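What follows is the residue order along each chain.
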Amino acid sequence: MRVRFATQANHGTIPGWEGRITPDHVVETSLAQEAEGFDVVCLADFGCSELFPALTLIARETTRVEVSSRIMGVFGHSPTLFASGAAWVDAVSGGRFSLGLGASMPYMVEDVMGLQFERPAARMEDTVKLYRALFGEDVPGIERSRSGRIRYRGKTIRVRHASLDLVPLRTPPIYVAAVGPMMLRVAGAWADGVILEHASPAYLRWAWDRVREGADRAGRSLDGFELCVETHFLTDTDDPFLNARKTSWLANIVLHCAYPGFDSLWRHGGLWDAAMEVRRLAEKGAGEEATALAKSAIAPAFTLTGNPDPSRFRAWFGRYLDLGVTMFAVSERMETLVGVGPREAKRWAKHRGRHPEHP
């Protein structure tokens, strides 16, 4: 089982960039991450960004890393545009692109983008099925004309003449960010991997079972299926930038507690009572108290806190390896935060005897 490390090139807070990104920053950061030993360089749309131009820049300038949209909101593009964008970036990179999709949240979709947030799991299933069909795969429910154009009547999407605008190199892998049971089953049935965030070991076991249910219902094997866990390390540091990132990440945990769409994380991760107290504090405007509780009672269940320590990282890392995780999405300052860089971690995993619970 291979182990890979992914990181993100367009974080919201960048030293020297005053909280905004530029094309130069994306390229410079991606090249540095490639040199550092990361396997995948990702861009996130933060609910409202257009990623394909920036992904093309990264694809042209890098030579080794996989380039990925991790993640793009599924409501922001049609499946045809997702497939077209993926095919173009994959061609520019020479076959190094993967498409990461997620549902986002009602606030981002409706209040920021002005679109309707409806039936996210069904929208994801329609999108991934059409994506695969546009790359020539046989998909149930898809009809093709003699010229190869696609007709599909899905649960949320209907097309009559869909097609790609260039000859693709291959079908770029597609990853689905999932939390609840319906989306996890969609990932198991149609995707090449699943992306989990804030995943405690208890939640990860539950989520993996839902992925398996989806695969079983679709009659497909999960051989080669990627299990990606996104995490940040909340370790102590004197670096102002990293401390700002830590604060931002804790605020993200509070947001996930406050929004009911993420309840599965806490219910099946053994963190329900703490998460509901964070929600109560956030709803009454006690932001500092909510953040403090998230840091003390929730974050330690799935990430490292305290002092950077390679031995503590290895214990955390080994636990997730034993649960079958094949990709770790972490901070680009990984070595500073935990004392171990991606190359060293991969060497250690390679020589470590592993007996995954979910091979």
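Residues numbered from 1 in each chain as written. Predicted model: local features only at pLDDT ≥ 70, side-chain atom pairs only at ≥ 80, totals over all residues. Heavy atoms only, no water.

Enquirer: Would you mind going over the sheet that holds strand 8 (residues 174-177) with me for this structure?
Expert: Sheets are built from strands that pair by backbone hydrogen bonding, the pairs being arranged parallel or antiparallel. If you trace the eight strands once around the closed barrel, you get 1-2-3-4-8-9-10-13, paired in parallel fashion. Averaged over neighbouring strand pairs, the angle between their axes works out to 25° when direction is ignored. Here five bridges tie strand 3 (residues 66-73) to strand 4 (residues 97-102), and the two strands are oriented parallel to one another. Bridged to M72 within strand 4 is L101. Of the strands in this sheet, strand 2 (40-43), strand 3 and strand 4 are in contact with helix 2 (residues 52-61), which crosses strand 3 at around 170°. Along the sheet face, helix 12 (residues 310-322) touches strand 1 (4-8), strand 10 (226-230) and strand 13 (327-329) and points at about 135° away from the line of strand 13. (Pairing = 2+ DSSP bridges. Helix = DSSP H or I, 4+ residues; strand = E, 2+ residues; numbered from the N terminus. Axes fitted to C-alpha atoms, helices over the stretch in contact; angles between N-to-C directions. Contact = heavy atoms within 4.5 Å.)

Enquirer: Whenever I open this one, the nonpolar core confuses me. Can you help?
Expert: Within soluble globular proteins, side chains that are nonpolar tend to cluster in buried spots. Counting 111 residues, the largest nonpolar core has I253, W266, I298, F313, F317 and F328 as its most contacted members. Apart from residues lying up to four places away in sequence, W266 is in contact with H198, I253, H256, C257, L271, W272, A275, I298 and F302. V40, C42, A177 and C228 belong to the second largest nonpolar core, which has nine residues in total. (Core = buried A, V, L, I, M, F, W, Y, C linked by side-chain atoms within 4.5 Å. Buried < 20%, exposed > 50% of the residue type's maximum accessible area, 1.4 Å probe, protein only.)

Enquirer: How should the pairing of strand 8 be read in this particular structure?
Expert: Residues in a regular strand point their side chains to alternate faces of the sheet. In strand 8, alternate side chains face the same way, and those of I174 and V176 on one face and Y175 and A177 on the other are all buried. Bridge count for strand 4 against strand 8 is three bridges, and the pairing is parallel. Paired with G100 across the two strands is Y175, which belongs to strand 8. Taken together, strand 8, helix 6 (residues 181-190) and strand 9 (residues 193-197) form a β-α-β motif whose crossover is right-handed. (Right-handed = clockwise from strand over helix to strand, strands pointing away.)

Enquirer: Got a minute to help me understand the pairing of strand 10 in this structure?
Expert: In terms of burial, strand 10 is largely enclosed, as four of its five residues are buried. Two elements, strand 9 and strand 10, share five bridges in a ladder whose sense is parallel. Paired with I195 across the strands is C228, a residue of strand 10. In this fold, strand 9 hands off to helix 7 (residues 201-218), which returns the chain to strand 10; that crossover is right-handed. With three bridges connecting them, strand 10 and strand 13 associate as parallel partners. Bridge pairing links V229 to F328 in strand 13.

Enquirer: Explain the packing of helix 12 against helix 14 (residues 342-350) here, please?
Expert: When two helices pack together, you describe them by how their axes are tilted relative to each other and by the distance separating the axes. Between helix 12 and helix 14, whose axes approach to 11 Å, the crossing angle comes to 55°. By the angle between their directions, the pair helix 12 and helix 14 is classed as oblique. The hand of the helix 12/helix 14 crossing is right-handed. Where helix 12 approaches helix 14, its residues F313, R314, F317, G318 and L321 are matched on the opposing element by E344, A345, W348 and A349. Of the residues contributing to the contact of helix 12 with helix 14, the split by class is six nonpolar, one polar and two charged. (Parallel < 35°, antiparallel > 145°, perpendicular 65-115°, else oblique. Left-handed = near helix turned anticlockwise from the far one by under 90°. Nonpolar A, V, L, I, M, F, W, Y, C, P; charged D, E, K, R; others polar.)

Enquirer: Would you mind going over the pattern of salt bridges with me for this structure?
Expert: When the charged atoms of two side chains with opposite charge come close together, those side chains can pair. Evaluated as defined, the whole model comprises 15 salt bridges. A salt bridge links E226 to R4; its shortest N-O distance comes to 2.7 Å. On the criterion of sequence distance, the pair formed by E226 in strand 10 and R4 in strand 1 is long-range, its members being 222 residues apart. By the burial criterion, E226 is buried, and R4 matches it. Residue D322 pairs with R352 through a salt bridge whose shortest N-O separation is 3.1 Å. Within this pair, whereas D322 is found in helix 12, its partner R352 is found in the segment after helix 14, the two being separated by 30 residues in sequence. One salt-bridge network, in which partners are shared between bridges, spans R2, R4, E66 and E226. (Salt bridge = Lys/Arg side-chain N within 4 Å of Asp/Glu carboxyl O.)

Enquirer: Please explain a positive patch on the surface as it appears in this structure.
Expert: A contiguous patch of positive charge, built from R151, R153, R158 and R160, is present on the exposed surface. On the secondary structure map, R158 appears in strand 7 (residues 158-162). Overall, R158 belongs to the exposed group, its relative accessible area being 59%. (Patch = residues over 30% accessible without salt bridge, like charges linked within 9 Å, V, L, I, M, F, W, Y side chains within 5 Å. Areas by Shrake-Rupley, 256 points an atom, 1.4 Å probe, with all protein chains shown as cover. Lys, Arg positive; Asp, Glu negative; His and termini not counted. Charge placed at Lys NZ, Arg CZ, Asp CG, Glu CD.)

Enquirer: Sorry, what's going on with the sheet that holds strand 6 (residues 150-153) here?
Expert: Pairing in this open sheet of three strands is antiparallel, and the strands run 5-6-7 from one edge to the other. The open sheet has two edge strands with one neighbour each: strand 5 (142-144) and strand 7. For this sheet the average axis-to-axis angle between neighbouring strands, irrespective of direction, equals 15°. Strand direction decides the pairing type here: strand 6 and strand 7, joined by three bridges, are antiparallel. The residue bridging I150 from the neighbouring strand is A162, located in strand 7. With respect to the sheet, helix 5 (residues 120-134) is in contact with strand 5, strand 6 and strand 7, its orientation differing from that of strand 6 by roughly 165°.

Enquirer: Please explain a nonpolar patch on the surface as it appears in this structure.
Expert: A grouping of Y107, V112, M113 and L115 is seen on the molecular surface, where their side chains present a nonpolar patch of about 330 Å² in accessible area. Position of M113 relative to the elements: it lies in the loop between helix 4 (106-112) and helix 5.

Enquirer: Help me understand the side chain of S93 in this model?
Expert: Structurally, S93 can be placed in helix 3 (residues 79-93). Polar contacts involving the side chain of S93 include one to the main-chain carbonyl oxygen of D90, which spans 3.0 Å. (Polar contact = N/O pair within 3.5 Å; in protein donor to acceptor, adjacent residues only side chain to side chain.)

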